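Analysis of the macromolecular model
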Amino acid sequence: VRHGIRLSESLGEKREKHHQLFFRVKSPANDFNDVEQYQAKLKLFVSVGGFWPHKGMQELAEAFTEAFGTRQDVQLNLYGYDCAHLAPHNTSNIRSIFGADRSTIMNAIANADLYIMNSTEEGFGLVLLEAMVNETPWAARNIAGAAVMQKFGCVYDTQQELVSILKSWEEND
């Protein structure tokens, strides 16, 4: 790859994957006395870029909602630095974060279960290199650098393929 990243500026700080507490109602009558607690690891999906239309953030949010609905054990964090008015609306499991500093973004990438580059056009997609140096798996549209580096990640061509990747991520993680 003739393009490059500065390794010292691209490494995030890995944190222990955190658990969230969930409640499951065991009886169909929704009797509060028949509730069990369980802990699950939060699955974190991350994407970074401006909120310009070609970055595909809105489509990514829609694919994520199609794959997971409002499940609370999965989270999509979208980090953007331009066009905040085009950011997807926050939901119970999707967060649009505007103007985060570089170290926050690198930490987010380092701690993600999957980095997603849903752009329809890219110069190269150096963020995929940043994901790889942080040992974070990635999925991206089959364009630019993703097409070149596809043996190191997962590429897709359509939004339905992205939904399928998201749905199968738990089984294949």
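I will try to describe carefully the structure that is included in this document. In this text, all values refer to a predicted model and were calculated from it rather than measured experimentally. (Residues numbered from 1 in each chain as written. Predicted model: local features only at pLDDT ≥ 70, side-chain atom pairs only at ≥ 80, totals over all residues. Heavy atoms only, no water.)

1. Topic: the environment of Pro 53
Within the secondary structure, Pro 53 sits in the loop between β3 (43–48) and α2 (57–68). Taking the C-alpha atoms as reference points, Pro 53 and Ser 119, 66 residues apart in sequence, are found 8.5 Å from one another. Pro 53 has contacts with Glu 59 and Leu 86, leaving out every residue within four places of it along the chain. (Helix = DSSP H or I, 4+ residues; strand = E, 2+ residues; numbered from the N terminus. Contact = heavy atoms within 4.5 Å.)

2. Considering the packing of aromatic side chains
Per the counting criterion, the structure on display carries 4 aromatic pairs. Taken together, a centroid distance of 5.6 Å and an interplanar angle of 35° make the contact between Phe 45 and Phe 68 tilted. Of the two residues, Phe 45 is situated in strand β3 and Phe 68 in helix α2; the sequence distance between them amounts to 23 residues. Ring centres of Trp 52 and Tyr 81 lie 5.3 Å apart, and the angle between their planes is 85°; on these two criteria the pair is classed as edge-to-face. Within this pair, whereas Trp 52 is found in the loop between β3 and α2, its partner Tyr 81 is found in the loop between β4 (74–80) and β5 (94–98), the two being separated by 29 residues in sequence. Residue class for Trp 52 comes out partly exposed when judged on its relative accessible area of 25%. Given a relative accessible area of 48%, Tyr 81 falls into the partly exposed group. Each member of the aromatic cluster is reached from another via a ring pair, and the members are Phe 45, Phe 64 and Phe 68. (Phe/Tyr/Trp six-rings, centres within 6.5 Å; stacked < 30°, edge-to-face > 60°. Buried < 20%, exposed > 50% of the residue type's maximum accessible area, 1.4 Å probe, protein only.)

3. Quick word on the nonpolar core
Core analysis: the largest hydrophobic core is formed by 24 residues, its most contacted members being Phe 45, Phe 64, Leu 78, Ile 116 and Leu 166. Per-element tally for this core: the top contributor is α2, with 7 residues. Core analysis: the next-biggest nonpolar cluster, separate from the first, contains 21 residues, Val 48, Tyr 79, Met 117 and Met 149 among them. (Core = buried A, V, L, I, M, F, W, Y, C linked by side-chain atoms within 4.5 Å.)

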